[in-house]
Structures are given as C-alpha cells and as structure tokens.
Amino acid sequence: MASNSNTVIALKTNFLRTQIRTLSQPLEPKQPGPGELPESKVKDAVKEVNRRMRRHNRIVYPSVAIRHVAEQIDNLYWQAGAPEIYLETSGAVDDGVVKTNDDISLDENIAKLPESWQAEDDIEAEADAESYVEKYQRLQELSARRAALAEKIARYRHLQHLLKPLKEPNQTVQPNLVTRDAALGSELTKMRTLGLRVAARVG
C-alpha cells in the first residue's frame, strides 16, 4: 500500500520545493577582468541580489502556495485518469461499465469495476495501481459478505412469515387443540352426540 509520502500531492509538493530551492541558490560572482568593476563592488551587488532573491522567493512561493499548486496538479491528474475507468455514456442502457455518477457502494456497480488500474511507467502511477488493486479486493470482499448477509436476512424473514400465525397462540393455536375447554373439543362432543342419535334412529 502506498504511503502518504507517495501520494500525488506529496510528490508534487516535494518536486516544487526542490525547484524553488534551485532557484534560490545564491549567485556566485566571477572574478572581474581588466577594466571591470572592482571585486568588492561586484560582491556587494551580488550579495544584495541574493538577499532580494531569497526575500522574493519567500513571498512568492510560501508553503501554502506550493500546497495549492500541488493540489491543482492532483485534481488535474485524477481528471485526466478518470476516463480510463469511468466512461460516460448516453442513454439508460447498462453496458457493464461504471460511469461517473454511479454509486460505487452498490453491488451491481462494484461488480463492474475493472480488476486492475492501467498504470503508466512512473512511480506515482504504480503506487496508485497497487492502492487500487488493494481497495478493489477489499470492495469485492465486503460486497460478497453483504450479499451473504442479505441472503440470510431473506431466509429469516421468510421463516418469520411462516411463523406469523403462531404469534398469538392463545387465539390461533389454542382454539384448535382438543382440550376440555377448547372450542374444537366442544364441537367434537356435539358431533359424537349427533352420531349416537343418528345411530339410534337407524338401528
């Protein structure tokens, strides 16, 4: 997994600071030739130029400005790389490709993600590719776990539906049991009595 020091912003920030340090290197006066200004005056002039240059660079290139430029580069980097994975298409036809406005938290969109990031031959792209593969595998794992949980919940809800008639047993189960005080027992007694009467008349 790429560390924070290998992010696009961090790498570009370090690059910009290196360039600014190069620009801030003091000028070295050369030895004056015959007929040129005295060496002392040349050194004084160069010293003043170096002082003003350092002051200029501190004002024009503060850390906040460097960070801001690095963030702009980072945004452009992601915008340039986005079409390779997130392809915009018109219409409502599902072509199996993740689009920029798709919700990546949905299982159907996670399944559309490519397994790897097409990285360019540089350190930043390789680090991003490794990070993408790791996050892709994690997403697939979480998606599979969520699908398994959803299936389990569906089974439990089906069982709950089947057991719904038993929710109030005093009203749904007890009346159907053959007991002395149950309604079914009373009906069976009536049927036996009726059966005896019919048998007596027939006999």
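The chain has the name Kinetochore protein fta4 in an unreviewed UniProt entry, where Saccharata proteae CBS 121410 is given as its organism.

## Considering the overall build of the chain
Summing up its helical and strand segments, the chain has seven helices and zero strands in all. Going from N to C terminus, the chain has its helices and strands arranged as α-α-α-α-α-α-α. Of all intrachain contacts in the chain linking residues separated by at least 6 positions in sequence, the fraction that spans at least 24 positions is 45%. Accessible area of the chain: about 16200 Å², with a carbon and sulfur share of 57%.

## Some details on helix 1 (residues 8–23)
Relative to the 22 Å expected for 16 residues at 1.5 Å per residue, helix 1 spans 23 Å between its end C-alpha atoms, a close match to the ideal helical length. Those residues of helix 1 that fall on the buried side of the exposure criterion are Val8, Ile9, Ala10, Thr13, Leu16 and Ile20.

## Here we look at the pattern of salt bridges
Applying the stated criterion across every chain, the model contains six salt bridges. One salt bridge connects Arg67 with Glu71, and the closest N-O pair in it is separated by 3.2 Å. A residue pair is termed a helical-turn pair when its members lie 3 or 4 positions apart in one helix, as Arg67 and Glu71 do in helix 3 (residues 63–81) at four residues. Judged by relative accessible area, which is 32%, Glu71 ranks as partly exposed. Between Arg138 and Glu141 there is a salt bridge, and its shortest N-O distance comes to 3.5 Å. Here Glu141 and Arg138 lie together in helix 5 (residues 123–162), a separation of three residues that amounts to about one turn. What makes Arg138 partly exposed here is its relative accessible area of 43%. Residue Glu141 is classed as partly exposed on the basis of its relative accessible area, which comes to 40%. One connected set of salt bridges, linked through shared partners, spans Glu48, Arg51 and Arg52.

## Structural notes on the side chain of Thr13
With respect to the helices, strands and loops of the structure, Thr13 is situated in helix 1. What Thr13 contacts, discounting residues up to four positions off in sequence, is Ile66 and Ala70.

What counts and how
- Residues numbered from 1 in each chain as written.
- Predicted model: local features only at pLDDT ≥ 70, side-chain atom pairs only at ≥ 80, totals over all residues.
- Heavy atoms only, no water.
- Helix = DSSP H or I, 4+ residues; strand = E, 2+ residues; numbered from the N terminus.
- Contact = heavy atoms within 4.5 Å.
- Areas by Shrake-Rupley, 256 points an atom, 1.4 Å probe, with all protein chains shown as cover.
- Expected span 1.5 Å × (residues − 1).
- Buried < 20%, exposed > 50% of the residue type's maximum accessible area, 1.4 Å probe, protein only.
- Salt bridge = Lys/Arg side-chain N within 4 Å of Asp/Glu carboxyl O.

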